[in-house]
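# Structural overview
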Amino acid sequence: MSTAGSDLNGRERRLLDAGIDPYSPKYIYRQIFGTLMKGHHQTWPKIDLAELRALNPDTLGWIHMEGSPINYPVVKGHPGDPAYYLVHNFSRELSFHGAVSLDGDNSGMLTDRMTLLGAHHMKDASMFFAVSMLFNPDYYETHRGFDLLLDDGMHHANFFAVHYTNSEDPEPVRKTFESDGDFSAWLEERRRRALYPTAVIPTVRDRVIALET
């Protein structure tokens, strides 16, 4: 990654001079969490959302997909700038990696019937690169879901549909539904378009989380 010299602050210049990419997620998280997080790949008991929120008030939770690099804090959209976390990391520094963030149209984490979490597809395999790997049948077989740590505890989500979206799919993601029937029909359409069959059949009583990259 290259960064224009005029955009570098003193700390970034020193890191680059030392051969360290200041925007690398592994470096950023190691610096932010230090002894608290003890590295980039975490185990759940070491994550303290209250302490993370003291570092960034936008903290909502933590997402982890076992056996993948997806192991990141989740933030809510920045007030007044829905694209903020596309170009800023968790520490709110300028970064092409961005952060895993809640879609601005969602009212909160798991408060809507459909929650959208987005992050960049990075060539260094960080952020949501692993989401695109789910299109590989072998990878999907060993990565059938993910965990989400929120203030009320741990939530586990099983994938029920993996698919591409394009111009022929007018509603790949929706946040609001007129009725249970409307929601049920949308869920069935997602399953119909899925690349792989699955035994997971969501109902109108479920909360759906979409990972988008």
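A short tour of the structure in this document, coming up. (Residues numbered from 1 in each chain as written. Predicted model: local features only at pLDDT ≥ 70, side-chain atom pairs only at ≥ 80, totals over all residues. Heavy atoms only, no water.)

Moving on, we come to the overall build of the protein chain. Across its full length, the protein chain carries six helices and seven strands. When the helices and strands of the protein chain are read in sequence order from the N terminus, they spell out α-α-α-β-β-β-β-α-α-β-β-α-β. In the protein chain, which comprises 213 residues, the share counted as buried stands at 45%. Considering only contacts within the protein chain whose residues lie at least 6 apart along the sequence, 55% involve residues at least 24 apart. (Helix = DSSP H or I, 4+ residues; strand = E, 2+ residues; numbered from the N terminus. Buried < 20%, exposed > 50% of the residue type's maximum accessible area, 1.4 Å probe, protein only. Contact = heavy atoms within 4.5 Å.)

This structure, assessed with the given rule, holds six salt bridges. Put simply, Arg144 and Glu141 hold a salt bridge, and the shortest N to O gap is 2.9 Å. One salt-bridge network, in which partners are shared between bridges, spans Glu189, Arg192 and Arg193. (Salt bridge = Lys/Arg side-chain N within 4 Å of Asp/Glu carboxyl O.)

Of all six residues in strand S1 (residues 59-64), six are buried; the element is thus mostly enclosed. Where S1 folds back onto strand S2 (residues 71-75) in an antiparallel hairpin, the turn is made up of six residues, including Gly67, whose phi is positive at roughly 75°. Two strands pair when backbone bridges link them, and S1 and strand S5 (residues 145-150) are joined in this way by three bridges, in the antiparallel orientation. Counterpart to Ile63 in the pairing with S5 is Leu148. (Pairing = 2+ DSSP bridges.)

So, on to the sheet that holds strand S7 (residues 208-212). Reading across from one edge, S6-S5-S1-S2-S3-S4-S7 is the order of the seven strands in this open sheet, with mixed pairing throughout. Lying at the two open borders of the sheet, with one neighbouring strand each, are strand S6 (153-158) and S7. Averaged over neighbouring strand pairs, the angle between their axes works out to 25° when direction is ignored. Where strand S3 (residues 100-102) meets strand S4 (residues 114-118), two bridges bridge the pair, whose relative direction is antiparallel. Bridging from a neighbouring strand, Ser101 pairs with Gly118 of S4. (Axes fitted to C-alpha atoms, helices over the stretch in contact; angles between N-to-C directions.)

Another aspect to go through is the environment of Trp186. Of note, Trp186 is situated in helix H6 (residues 180-193). Overall, the relative accessible area of 6% leaves Trp186 in the buried class. Distance from Trp186 to Arg174, taken between C-alpha atoms, is 8.6 Å for residues twelve residues apart in sequence.

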